[in-house]
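The residues making up each chain are set out below.
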Amino acid sequence: MPQERRPTKRMFSLTEAGRSRLRAFADEPPKRPTAVRDELLIKIQAMDGGDPGVARALVEERAGWARGKLDRYERVRARLLGGRTEEEYLRTSDRIGPYLTLMAGISFEEENLRWCARVLRVLDQRVSSSPSGGYA
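Residues numbered from 1 in each chain as written. Predicted model: local features only at pLDDT ≥ 70, side-chain atom pairs only at ≥ 80, totals over all residues. Heavy atoms only, no water.

Quick look at the packing of aromatic side chains
Inspection of every chain in the model, using the stated rule, returns one aromatic pair. Their ring planes at 45° and their centres at 5.1 Å tell us that Tyr89 and Tyr99 sit as a pair that is tilted. Of this pair, Tyr89 sits in helix H4 (residues 86-92) while Tyr99 sits in helix H5 (residues 97-129), and the two are ten residues apart along the sequence. Here the two residues Tyr89 and Tyr99 agree in accessibility, since each one is buried. (Phe/Tyr/Trp six-rings, centres within 6.5 Å; stacked < 30°, edge-to-face > 60°. Helix = DSSP H or I, 4+ residues; strand = E, 2+ residues; numbered from the N terminus. Buried < 20%, exposed > 50% of the residue type's maximum accessible area, 1.4 Å probe, protein only.)

Printed below as a string of structure tokens:
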């Protein structure tokens, strides 16, 4: 499918055999829980003694990414709901899996924003209370 300002999009559709395999996959328990592998968390853990401005910039960048993803998720949410309430959609829609997955993404990014705000408050408090202007 041709698109403006992007490469041509390839559209695929699921065969009945594919649907059957997907349902079988969905019925299997996950092999293991998700592990958080986040480079920013390693950097924050190692930030002590470093430049406060660098850590702040990294966290602000993460918050910007989270806000951007939330904005996109909210547009998808509005499109899925199509004017219906969430309760109505979940009660009457033929497919609720995509919406439930979207809800997880929204929650994840909202938590990212809460964490970023908390980290920035802590960094500000530590810089303001440190005689050297760095992290105490």
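So, next bit.
Details of H5
Under the 1.5 Å per step criterion, the end-to-end length of H5 is 48 Å for 33 residues, consistent within 8% with the ideal 48 Å. Of all the residues in H5, the buried ones are Tyr99, Leu102, Gly105, Ile106, Glu109, Asn112, Cys116, Val119, Leu120 and Leu123. (Expected span 1.5 Å × (residues − 1).)

As for the pattern of salt bridges
Scanning the model with the defined rule gives eight salt bridges in all. Among the salt bridges present, the one from Glu16 reaches Arg23, with a minimum N-O distance of 3.2 Å. Taking the relative accessible area as the measure of exposure, Arg23 reaches 46% and is therefore partly exposed. (Salt bridge = Lys/Arg side-chain N within 4 Å of Asp/Glu carboxyl O.)

Brief notes about the environment of Arg126
With respect to the helices, strands and loops of the structure, Arg126 is situated in helix H5. Each C-alpha atom, one on Arg126 and one on Thr15, is 57 Å from the other, the two residues being 111 residues apart in sequence.

Thoughts on the side chain of Arg62
Residue placement: Arg62 occurs in helix H3 (residues 52-81). Excluding residues within four positions of it along the chain, Arg62 makes contact with Asp38, Leu40, Asn112 and Cys116. (Contact = heavy atoms within 4.5 Å.)

Considering a nonpolar patch on the surface
Nonpolar side chains collect at one region of the surface, where Leu14, Leu22 and Phe25 lie side by side and expose about 320 Å² of accessible area between them. On the secondary structure map, Phe25 appears in helix H1 (residues 16-27). (Patch = residues over 30% accessible without salt bridge, like charges linked within 9 Å, V, L, I, M, F, W, Y side chains within 5 Å. Areas by Shrake-Rupley, 256 points an atom, 1.4 Å probe, with all protein chains shown as cover.)

Quick notes on the side chain of Glu109
For Glu109, the location among the structural elements is in helix H5. A relative accessible area of 3% means that Glu109 is categorised as buried. Excluding its chain neighbours within four sequence positions, the residues that come into contact with Glu109 are Ala66, Lys69, Leu70 and Tyr73.

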